[in-house]
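Architecture and fold: a report
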Amino acid sequence: MREVFRRVQEIVTGIDDNTDIYGAVVPPTFENTIYRYPDFDTVVETTKGHVARYGYSKNANPTTDALEKKLAALENGEAARCFSSGTAAIYTVLLSLLKQGSHVITVNNVYGRVVDFLRNWFPQFGVETTYVAGTSLADFEAAIRPNTALIYLESPTSWHFELQDIRAVVKLAASRGIKVAIDNTWATPVFQNPLDYGVDAVIHSASKYLGGHSDLVGGAVIGSRAYIAGLPQLGAVLSPYEASKMLKGLRTLALRMERHESNAMAVAAMLENEPKVRAVRYPGLRSFDQHELAAAQLHGCSGLLSFTLDTDPAGVRRYIDALRHISIGGSWGGFESVTYAAAMSGDPEEDIVKRGFAVGQIRLSVGLEPLDTLLEDIRGALQRV
Ligand SMILES: *Cc1c(COP(=O)(O)O)cnc(C)c1O
């Protein structure tokens, strides 16, 4: 077993679930809203912070606490906080690290809701944003202003898979007193631990691999104890039921990521040799333009990749509709293979290109199916292009 998988499995099964009840192997899910106090004085002592007790599930819940402990350990962090979605986690991080008049630097192909927040909601507080390619340190250096408060990374991005050199960005940021946050959803804590490189906040959409079973929406932020304790409480909390499903997901995280990686490597290698495929974007490939950086900062690769069919939107439609096994869908990171095409926006070709996509670009989340099933499905559909 590779060390990264051993480490994750040991954390997941080694940290107990906080609740030894009747010796149950899997703990119950605490779905209660409030907790009773035995008497007047206990309320006073709890309010003063002298006694640690659960009081109200929006603030703390044993099931969610167990999950947060594991997530913190998986990212080599001191503490974690879970959210009702990855988007809520992102918004909380932005609020926590920005103030009136701050400047943010992020990457061109960052997750869309980040752009939405920074373009449509933060400018009313005087927050300005600079978008950079992010593939060279000079991009960040040139964008820094006296009021730059945050560099927000996503490495790799989730359509084009551009990487940022996390260690180098952190070093630059630290020398200028700038905080660094990163969306680590693609790599998962199995394949990348940005806190080890000095990042201040790690964000996950747990709706992808951490949940892993396409049955929950959730998010998480991991960082130092002080940072997590100081996060604003927006009330966008993860429900205990979702927390227990995420705990279940974590129990197979190492296993799943091992299979996602091997399946995706094989699919990417196959696609590279297909005449109708023009370009394959997957950091695990030797031909990947940032393969060296990928090898230096990632411990492995997850199952999401993209490739470009050498065809027009009609050819993309023929390919997609010819798939028999792989589902069509917008998200990723589940047990099942799911695909999406840039041309599904339905926009004219020039608009697709203007947004930075190739007309024939297709994203594929490689699932846990037998590899042969996937290869045959893709090869069959490619014949219809
Ligand atoms: C899906 C996604 C998010 C947002 O997560 P939600 O749980 O859907 O809110 C953030 N970042 C990346 C890279 C994502 O793919």
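All values derive from a computational prediction rather than experimental measurement.

Our focus in this paragraph is the overall build of the protein chain. A count of helical and extended segments in the protein chain gives 15 helices and 12 strands. Relative to the compact-globule value of 21 Å for 385 residues, the protein chain shows a C-alpha radius of gyration of 22 Å, a close match. With respect to the principal axes defined by its C-alpha atoms, the protein chain has extents near 75 × 55 × 40 Å. The burial tally for the protein chain puts 54% of its 385 residues in the buried class. Contacts in the protein chain between residues at least 24 apart in sequence constitute 73% of all its contacts with a sequence separation of at least 6. As displayed, the protein chain has an accessible area near 17000 Å², and 51% of this comes from carbon and sulfur atoms. The average position of the 37 basic charges and that of the 43 acidic charges among the side chains of the protein chain differ by 2 Å.

Right, let's talk about the sheet that holds strand β1 (residues 79-83) for a bit. One key point about sheets: their strands pair by backbone hydrogen bonds, in either a parallel or an antiparallel sense. Reading across the sheet, the seven strands line up as β1-β7-β6-β5-β4-β2-β3 and stay open at both edges, with mixed pairing between neighbours. One side of each edge strand has no neighbouring strand; the edge strands of this open sheet are β1 and β3 (128-132). Direction aside, the axes of adjacent strands within the sheet are offset by 20° on average. Across the sheet, helix α4 (residues 86-97) lies against β1, β4 (148-154), β5 (179-183), β6 (201-205) and β7 (219-223), angled at about 160° from β6, the strand it touches most.

Take the nonpolar core next. Judged by nonpolar contacts, the single largest core of 114 residues is most densely connected at Leu 71, Tyr 152, Val 221, Leu 305, Phe 307 and Tyr 319. Element by element, the count of residues in this core is highest for helix α11 (residues 253-272), at eight residues.

Attention now goes to the pairing of β6. Extensive coverage of β6 is indicated by the burial of five of its five residues. The alternating pattern of β6 places Ala 201, Ile 203 and Ser 205 on one face and Val 202 and His 204 on the opposite face, and all of these are buried. Note: β5 against β6, three bridges, orientation parallel. Bridging from a neighbouring strand, Ile 182 pairs with Val 202 of β6. Pairing of β6 with β7, which is carried by five bridges, proceeds in the antiparallel orientation. For Ile 203, the partnering residue across the bridge sits in β7 and is Val 221.

Before going further, it helps to examine unusual backbone geometry. With an omega of -5°, the peptide bond running from Ser 155 to Pro 156 counts as cis. Turning to its location among the elements, Pro 156 is positioned in the loop between β4 and α7 (166-175). Positive phi is not limited to glycine here, since Phe 161 has a value of about 65°. Here Phe 161 is to be found in the loop between β4 and α7. For Phe 161, a relative accessible area of 0% corresponds to the buried category.

Turning to the packing of aromatic side chains, a few remarks are in order. Tallied over the full model, the rule gives 10 aromatic pairs. Judged by centre distance (4.7 Å) and plane angle (45°), the rings of Tyr 91 and Phe 117 are tilted. Residue Tyr 91 is found in helix α4, and its partner Phe 117 is found in helix α5 (residues 112-121); the two are separated by 26 residues along the sequence. Relative accessible area serves as the criterion here: at 26%, Tyr 91 is assigned to the partly exposed category. Where Tyr 91 meets Phe 122, the ring centres are 5.9 Å apart and the plane angle is 55°; that geometry is what we call tilted. Placement of Tyr 91 in helix α4 and of Phe 122 in the loop between α5 and β3 is noted, with a sequence separation of 31 residues between them. Cluster of aromatic residues (ring-pair linked, three or more members): Tyr 91, Phe 117, Phe 122 and Phe 125.

The rules behind these values
- Residues numbered from 1 in each chain as written.
- Predicted model: local features only at pLDDT ≥ 70, side-chain atom pairs only at ≥ 80, totals over all residues.
- Heavy atoms only, no water.
- Helix = DSSP H or I, 4+ residues; strand = E, 2+ residues; numbered from the N terminus.
- Rg over C-alpha atoms; globule rule 2.2 N^0.38 Å.
- Buried < 20%, exposed > 50% of the residue type's maximum accessible area, 1.4 Å probe, protein only.
- Contact = heavy atoms within 4.5 Å.
- Areas by Shrake-Rupley, 256 points an atom, 1.4 Å probe, with all protein chains shown as cover.
- Lys, Arg positive; Asp, Glu negative; His and termini not counted.
- Charge placed at Lys NZ, Arg CZ, Asp CG, Glu CD.
- Pairing = 2+ DSSP bridges.
- Axes fitted to C-alpha atoms, helices over the stretch in contact; angles between N-to-C directions.
- Core = buried A, V, L, I, M, F, W, Y, C linked by side-chain atoms within 4.5 Å.
- Phe/Tyr/Trp six-rings, centres within 6.5 Å; stacked < 30°, edge-to-face > 60°.

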